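Fold and contact review
As a plain string of letters, each chain reads:
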Amino acid sequence: MTLFLVRHGETTWNRDGKIQGWADSSLTEPGRRQARAVGARLAAEGVDRLVVSDLQRTRETAAVLGEAGVEVAPMFERAWRERDFGEYRGLTRAEVATRHDHYDPDGSLVAIEDVPEGELLDDFEERVRAGLDAVAADLDGDETAVVVTHSGAIRAAVAAVTGRDLGTLAREWSPDNCGLTAIECVGDRSIRFRDDTAHLD
């Protein structure tokens, strides 16, 4: 029982350094190539279930996975959305630093506890943890599930599995576009590997 977490492909806002959260932006052509590469790898692994955040960039990534051979109908779940960054949506990290005294523009927004007009960190963690529990509970036998999601949600899931503090983890690591993280769901959950990008070389 394996759960693969895939970050969406590069978007126009990723390319431009803009904070997305719940905003919609489209994949770039490099982002589509990334999605085709991870899709080919996942198709070779075999996929039984495909769960997808309901935002545009993850939907587009999932569609490209299908073109690459992942022949499973996606189920769209709000639980796997990125954190809602409220007033910071569409800004660069440098612009956020001018509005938030304690934010380091080289750090992670996920680590900020309270975002104006956005989602509290605790609420975000609880939402992703519930999504992770739901997918794991739905797996049978030796099934493999893939979740197409976002950088913050992947770190929240890894924090939930490892028991690490999300703010600390988020400051240390950010998943690459179409990087692959694997969680073993038999017995106590564990991380098999984190943010593998060998298929992107």
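See above for the structure.
Everything in this summary refers to the structure shown in the same document. (Residues numbered from 1 in each chain as written. Predicted model: local features only at pLDDT ≥ 70, side-chain atom pairs only at ≥ 80, totals over all residues. Heavy atoms only, no water.)

Topic: a negative patch on the surface
Note the cut-off: Surface patches are drawn from residues lacking salt bridges whose relative accessible area is over 30%; two like charges belong together within 9 Å, two nonpolar side chains (Val, Leu, Ile, Met, Phe, Trp, Tyr) within 5 Å. Computed with the Shrake-Rupley method and a 1.4 Å probe, the accessible areas treat only the protein chains shown as cover for residues. Here, a salt bridge means any Lys or Arg side-chain nitrogen found within 4 Å of an Asp or Glu carboxyl oxygen. In this tally Asp and Glu are treated as negative and Lys and Arg as positive; neither His nor the chain ends contributes. For the purpose of locating charges, the reference atoms are NZ of Lys, CZ of Arg, CG of Asp and CD of Glu. A run of H or I in DSSP counts as a helix once it spans at least four residues, and a run of E counts as a strand once it spans at least two, with each numbered from the N terminus.
On the surface, a cluster of negative charge is contributed by Glu113, Asp114, Asp122, Asp123, Glu126 and Asp165. With respect to the element layout, Glu126 can be found in helix H5 (residues 121-138).

Observations concerning helix H6 (residues 151-162)
For the record, the criterion: A helix is expected to reach a length of 1.5 Å times the quantity of its residues less one. Accessible area is worked out with a 1.4 Å probe on protein chains only. A residue is then buried under 20% of its type maximum, exposed over 50%, and partly exposed in between.
The end-to-end C-alpha separation of H6 is 17 Å, in line with the 16 Å expected for twelve residues at 1.5 Å each. Most of H6 sits inside the fold, with ten of its twelve residues counted as buried. For H6, the set of buried residues is Ser151, Gly152, Ala153, Ile154, Arg155, Ala156, Ala157, Val158, Ala159 and Val161. At the exit of H6 stands Gly163, carrying a positive phi of roughly 80 degrees.

What about the environment of Ala44?
Within the element layout of this structure, Ala44 appears in helix H2 (residues 29-45). For Ala44, a relative accessible area of 69% corresponds to the exposed category. As for Ala44 and Gly69, which are separated by 25 residues in sequence, their C-alpha atoms are 8.4 Å apart.

Focus: the sheet that holds strand E6 (residues 190-196)
Stated precisely, the cut-off is as follows: By this definition, two strands are paired if DSSP reports at least two bridges between them. Note on definitions: angles span 0 to 180 degrees between N-to-C directions of axes, and those axes are lines fitted to C-alpha atoms, for helices only across the stretch in contact. By definition, residues are in contact when any of their heavy atoms lie within 4.5 Å.
The six strands lie next to each other as E3-E2-E4-E1-E5-E6, forming an open sheet whose pairing is mixed. The open sheet terminates on both sides in strands that have one partner only, identified here as strand E3 (74-77) and E6. Taken over all neighbouring pairs, the strand axes of this sheet differ in orientation by 20 degrees on average, direction set aside. Where strand E2 (residues 49-53) lies against E3, four bridges are found, and the strand directions are parallel. When the sheet's bridge partners are listed, Val52 is paired in E3 with Phe76. Against the sheet, H2 makes contact with strand E1 (2-7), strand E4 (144-149), strand E5 (180-184) and E6, and its axis sits at roughly 170 degrees relative to E1, the strand it touches most.

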